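Structural overview
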Amino acid sequence: MANRAGKGAPPASVEELEERLSRPTKATVRAAERLGGDVVVLGAGGKMGPSLARLLLRSIAEAGASHRVVCVSRFGDAAAAEALERDGARVVRCDLLEPGALDALPDAPNVLYLAGTKFGSSSTPALTWAMNCLLPALAAERYRSSRIVALSTGNVYPFVSPRSGGATERTRPDPVGEYAQSCLGRERMFEYVSARSGARVLLARLNYATDLRYGVLADIARTLAAGRPVDVTMGWLNTIWQGDANAVLVRALDHCASPPMAMNLTGPRILSVREVAVRLAGLMGCPPPAFAGEEAPAALLSNPTTCTGLYGLPSVSEERIVEWTAHWVAAGLPSLDRPTHWETRDGRF
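Residues numbered from 1 in each chain as written. Predicted model: local features only at pLDDT ≥ 70, side-chain atom pairs only at ≥ 80, totals over all residues. Heavy atoms only, no water.

Quick look at the overall build of the protein chain
Within the protein chain, the secondary structure is distributed over eleven helices and 13 strands. Whereas a compact globule of 349 residues would reach a radius of gyration of roughly 20 Å, the protein chain reaches 19 Å, a difference of no more than 12%. In terms of its C-alpha atoms, the protein chain occupies a principal-axis envelope of roughly 55 × 40 × 35 Å. Classification of the 349 residues of the protein chain by burial places 56% in the buried group. Partitioning the contacts of the protein chain with sequence separation of at least 6, the portion at a separation of at least 24 is 82%. Split by element, the accessible area of the protein chain, about 14100 Å² in all, is 51% carbon and sulfur. Taken as two groups, the 38 positive and 35 negative side-chain charges of the protein chain have centres that lie 4 Å from each other. (Helix = DSSP H or I, 4+ residues; strand = E, 2+ residues; numbered from the N terminus. Rg over C-alpha atoms; globule rule 2.2 N^0.38 Å. Buried < 20%, exposed > 50% of the residue type's maximum accessible area, 1.4 Å probe, protein only. Contact = heavy atoms within 4.5 Å. Areas by Shrake-Rupley, 256 points an atom, 1.4 Å probe, with all protein chains shown as cover. Lys, Arg positive; Asp, Glu negative; His and termini not counted. Charge placed at Lys NZ, Arg CZ, Asp CG, Glu CD.)

Right under this line is the structure:
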């Protein structure tokens, strides 16, 4: 991460957005020079996977290396798999929970673990626990000799006061609801395998990424565009530009360790949902927003001081992300239609 100003006009198309989300930096190119071999991206078909894989591919190319990026997922969106193949990735379509699926994958010294499930977790709790606990244990054992950056979530923390500055990595986990509990289970499985085998792991607790087609800010903007009231019960939030989150995940391979290191991955500012809604409405030309509920005294918030100490401040500020989101939604540009349900306080997704 680098220049905090986040200069530049907002992306005007999906193609331009994808290019920015996967644009290499000097730091990601240097990280690519240190890879020492291929990278396997498990769960590459999700929201972050394609742009993260492209960042790897572009950084490796700029580093003059020939390492492969192996993208593994069920790939419900066939177009995403085809696009990654055109960009030079090796695509493996499989269900990672199927017996033998992990064993059939190629060895690699670097693994980015993005697999998991959130939405629908209340209706399919057994699958949620299998994806978020069983699969991490199997994957960690399969790649115990590799460096593994495992994507986790700030949902493992309790709600905290915005005056606290957000939960730190020293805050005792106290997840709300079965989904968040299973996410803590995912971390514990990586910790268990690391303790048993010496596997080097970094647990990146993301909270939340924005790429304009989805994210908390996009959810609020679309609520305003539809003329609906904005729920302010979860009155504060963190967010980070997904391009910056991608860059941290690539660089975090250098900090994998046994026992695993946990690191909060988010923007440094705590934003007021009410103030964000007012700002978005003004930028989008919407009527002043209506609000539902009142701010609770605590919210799901993370403190990224460890992350910014290692990698610097994000290159795109929260203010710029708000501006870009307003432009994107007001222009009617595409949505992934994957709401974050950021306002949920009972842990039921």
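Points about the packing of aromatic side chains
Under the criterion given, the structure shown has two aromatic pairs. A centroid spacing of 5.2 Å and a plane angle of 75 degrees characterise the contact between Y113 and F190, whose relative ring orientation is edge-to-face. With Y113 in strand β4 (residues 110–113) and F190 in helix α6 (residues 177–197), the pair connects residues that are 77 residues apart, well separated along the chain. Across the pair, exposure class does not vary: Y113 and F190 are buried alike. When the centroid spacing of 5.1 Å and the interplanar angle of 75 degrees are considered together, the rings of W241 and W324 count as edge-to-face. Residue W241 is found in strand β10 (residues 240–241), and its partner W324 is found in helix α11 (residues 318–330); the two are separated by 83 residues along the sequence. Like W324, W241 is buried. One cation-aromatic arrangement involves R20 over W324; the distance from NZ or CZ to the ring centre is 5.1 Å. The ring of F291 carries the charged tip of R274 above its face, separated from the ring centre by 4.7 Å. (Phe/Tyr/Trp six-rings, centres within 6.5 Å; stacked < 30°, edge-to-face > 60°. Lys NZ or Arg CZ within 6 Å of the ring centre and 35° of its normal.)

Focus on unusual backbone geometry
Look at the link from N207 to Y208: it is a cis peptide, with omega at -15 degrees. Considering the arrangement of structural elements, one finds Y208 in the loop between β6 (200–206) and β7 (209–210). Positive phi outside glycine occurs at L212, with the angle close to 80 degrees. With respect to the secondary-structure elements, L212 resides in the loop between β7 and α7 (216–225). In this structure, H341 is a non-glycine residue whose phi angle is positive, near 55 degrees. With respect to the element layout, H341 can be found in the segment after α11. Judged by its relative accessible area of 32%, H341 is partly exposed.

Some words on the confidence of the model for the protein chain
When pLDDT is low, close inspection of the predicted coordinates is not appropriate. Per-residue pLDDT for the protein chain averages 95, and the proportion of residues at 70 or more is 97%. A low-confidence stretch, residues 1–6 (pLDDT under 50), is modelled with 32 contacts involving residues beyond four sequence positions or located in other chains. (pLDDT = per-residue confidence, 0-100.)

Details of the sheet that holds strand β2 (residues 69–73)
In space, the seven strands of this open sheet follow the order β3-β2-β1-β4-β5-β6-β11, with parallel pairing throughout. The sheet is open, and its two edges are formed by β3 (90–93) and β11 (261–265), each paired on a single side. The mean angle between the axes of side-by-side strands here comes to 20 degrees, regardless of whether they run parallel or antiparallel. Contacting β1 (39–42), β2 and β4, helix α3 (residues 49–62) crosses the sheet at an angle of about 170 degrees to β2. Against the sheet, α6 makes contact with β4, β5 (147–153) and β6, and its axis sits at roughly 165 degrees relative to β5, the strand it touches most. (Pairing = 2+ DSSP bridges. Axes fitted to C-alpha atoms, helices over the stretch in contact; angles between N-to-C directions.)

Some remarks on the pairing of β1
Going residue by residue along β1, you find V39 and V41 tucked away on one face and V40 and L42 tucked away on the opposite face as well. Bridge count for β1 against β2 is four bridges, and the pairing is parallel. When the sheet's bridge partners are listed, V40 is paired in β2 with V70. Relative to β4, β1 runs parallel, the two sharing four bridges. Residue pairing in the sheet places V39 in a bridge with N110 of β4.

Here we look at the pairing of β6
Most of β6 is tucked away, with six of its seven residues classed as buried. Sheet topology places β5 next to β6; seven bridges connect them, and they run parallel. Counterpart to R147 in the pairing with β6 is R200. Once the chain exits β5 it traverses α6 before rejoining the sheet at β6, and the crossover so formed is right-handed. Alignment of β6 against β11, held across five bridges, turns out to be parallel. In the sheet register, L206 faces β11, and the bridge partner there is L265. (Right-handed = clockwise from strand over helix to strand, strands pointing away.)

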